[in-house]
Amino acid sequence: MTEALLRADGVTRRFGDFTAVDAVSMQLQRGEVVGLLGANGAGKTTLIRMLLGLLATTAGTVALLGGPPDRERRRRLGYVPQSLGLYRDLTVRENLSFGAQAYGARPPLLPPELARYADVLVGDLSLGVQRQAAFLVALAHTPEVLVLDEPTSGVDALARASLWDTIREEADRGVGVLVTTHYMEEAQECDRLLLLADGRLVAEGSEADIVGPTTAVAVHTDDWASAFAALNRAGVPVILAGRAIRVADTDSDELRSTLAAAGIDARLEPVRATIEERMLMLARGRAPA
Amino acid sequence: MTIALQSATVRFGAVVALDDVTIEVPPGSVVAVVGGDGAGKSTLLRAFVREVTLDRGSVQAPDKRQFGYLPAGPGCWAALSVRQNLDFVGGIYGLTGAALAARRAELLDRAGLSDAADRLAGQLSGGMRRKLAACMAMIHRPALLILDEPSTGVDPVSRIDLWRMVSEAAAAGAAVLMSTTYLDEAERAAHLAVLDAGRVLVQGSYDEVRAGFVGAVTRTERPVRAEWAWRRGRERHEYWPDADPPAGSTILEPDLEDIVIALSLVRRAGTVVSS
């Protein structure tokens, strides 16, 4: 069996009384892209920090490249944190040069879209350009593992597509990629998904595995505003999708009578539930309305 | 009253941040402005609240007691509790006593923040903080609600709460103008405008945007022209502006993401040719 690039066995982390990560086991293999999903505060970043040896575990063990995540092993890792980890008062070129030297690598050539910003201070650049630079710094030493915490937050559709091209190219040459995202479309680009809720791993596998038993119904009506208001008042888990309304895990007959009581003419259609709807149901399980 | 920008142009030095933009925000509906970082979304929103001056064109919008504005950035005070943040802003708009208490309770309930009323804003998760900031922007039931990227970096569950708050404000009659980088949110809006480098690439309802899209998008494993192709999941999509893909191509129904990328490619191709 091939050795996992990243591995967690029953990993727990507590901060005082608060359990941020609760007995999580997972692994990342060569050449695969694994998406780590979960609400803000679900424990994604805490788990990542333990896997990379930046935070001690309270219980359980982690392994990076087959052993403890020490300095030597971290040299074979590329990590882009949410905060990007660039020096704002250095230029793009200086950041690349510094980053590469820290890993004993040659500074990478700047791609054309970054070359024009080579001598601009990172702090003066737009977020999208900063993200590209952070990515380049993380890749400069040809790492074997790539960990990306929300790499595409706030980036336009075209830049997102090209960033995923790079992620795929890296995976194709054998790099294992662990990526967190709040874009459910991006979740579909991963080979495998992990869903965290309240620090626990609650589902893993394909999108269908993550959605699990959650169901959804689309409510088609000409008067979306009234229908939405009526369903909201009734406390059902309602979501808007265009002018259509979607409701997760609710009995169709109950919906029909709620809508009829409000005098709303609507057609109901069972639809495939989404990851968002699963996450909504998990959140409501924790805090019932 | 009409709430609109007419032929608005804004320059910052040599940079044209908004280039001849016309957009209307009708009461009772949500208008979404989409585009990447640097597209001009914040400038457009700030023109409505008169934080930026137009070099050309005009703005029609209610005065500052009648709008609520959530700027990019935190939008709340980290050292104040959730309750204190709301009470402070409510006080500015003359809300006091029982009226303030009732409105505060209502907003906290809708945002799912009732249990967090006494926590410091600085201790909230990113999603909770953005929801608090949105509550603050709408506490006085403004006629015009302007939200600058309320959902960027916010998880899908909190985004649903945010969307619920926004659409309830619209359902109650407010004109809502919000910017977002999430195209699925824009699809939900009654009217959407796609911005790129200060210009409106396209605007209308999602149906109108789809109906007005010209050319063909194909699905392919090996694009014929790499510069007109992009990744979508495991496959590549390719755009044919003249709707002339090779025989045998798989033509698909483009969604908003395909449309936005195709239009951005056209815009960029045009920019290169004319420069």
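Above this note sits the structure.
Quantities reported herein were computed from a predicted structural model and do not represent experimental measurements. (Residues numbered from 1 in each chain as written. Chains lettered and ligands numbered in written order. Predicted model: local features only at pLDDT ≥ 70, side-chain atom pairs only at ≥ 80, totals over all residues. Heavy atoms only, no water.)

Caption draft 1: Highlighting the layout of surface pockets. Considering only enclosed or pocket space, the second largest pocket measures out at about 1100 Å³ in volume. Along its surface, the second largest pocket is lined by 35 residues, and Glu185, Gln188 and Thr274 of chain A together with Asp184 and Glu187 of chain B are the ones closest to its centre. Residue classes in the lining of the second largest pocket are distributed as 14 nonpolar, four polar and 17 charged. (1 Å grid on protein atoms, 1.4 Å probe; cavity = no way out; pocket = protein on both sides within 12 Å on 5 of 7 lines; lining within 4 Å. Points joined across faces, edges and corners; volume = space filled by probe spheres on them. Nonpolar A, V, L, I, M, F, W, Y, C, P; charged D, E, K, R; others polar.)

Caption draft 2: Main features of the nonpolar core. Counting residues in hydrophobic clusters, the biggest one holds 78 residues, and the most contacted among them are Leu231 and Ile245 of chain A together with Leu132 of chain B. With 44 residues, the next largest nonpolar core counts Leu139, Val175 and Ala203 of chain A together with Ile160 of chain B among its residues. (Core = buried A, V, L, I, M, F, W, Y, C linked by side-chain atoms within 4.5 Å. Buried < 20%, exposed > 50% of the residue type's maximum accessible area, 1.4 Å probe, protein only.)

Caption draft 3: Looking closely at helix α3 (residues 92–102) of chain A. Residues and elements named next belong to chain A. Every buried residue belonging to α3 is among Val92, Asn95, Leu96, Gly99 and Ala100, and all of these are buried. For α3, the arc enclosing every buried residue in end-on projection is 120 degrees, short of the 170-degree limit, so these residues lie on one face. Buried-residue contacts for α3 involve α5 (127–139). At the C-terminal side of α3, Gly104 shows a positive phi close to 65 degrees. (Helix = DSSP H or I, 4+ residues; strand = E, 2+ residues; numbered from the N terminus. Arc of directions from axis to C-beta. Contact = heavy atoms within 4.5 Å.)

Caption draft 4: View of the state of the cysteines. All names here are of chain B. A complete count under the given rule lists zero disulfides over all chains for this structure. Between Cys135, a cysteine without a disulfide, and Cys76, which holds the nearest cysteine sulfur, the sulfur-to-sulfur distance is 10 Å. Classification of Cys135 by relative accessible area gives buried; the value is 0%. (Disulfide = S-S within 2.5 Å.)

Caption draft 5: Region of the structure containing empty space enclosed by the protein. Applying the stated criterion across every chain yields a total of six cavities of 30 Å³ or more. If you add up the space inside the largest cavity, you get close to 130 Å³. Contributing to the lining of the largest cavity are 16 residues, with Asp156 and Ala157 of chain A together with Gly35, Gly36 and Val260 of chain B lying nearest its centre. Listed by contribution, the elements that provide at least two residues to the lining of the largest cavity are α6 (157–172) of chain A together with β8 (191–196) and α8 (256–274) of chain B.

Caption draft 6: Looking closely at the sheet that holds strand β2 (residues 18–28) of chain A. Residue and element names in this part refer to chain A. Here we have three strands laid out as an open sheet, ordered β2-β1-β4, and antiparallel in their pairing. With one partner strand each, in any of the chains shown, β2 and β4 (59–64) form the two edges of the open sheet. In this sheet, adjacent strand axes meet at a mean angle of 25 degrees when their direction is disregarded. The strands touched by helix α1 (residues 44–51) within the sheet are β1 (6–15), β2 and β4, with β1 carrying the most contacts at an inclination of about 120 degrees. (Pairing = 2+ DSSP bridges. Axes fitted to C-alpha atoms, helices over the stretch in contact; angles between N-to-C directions.)

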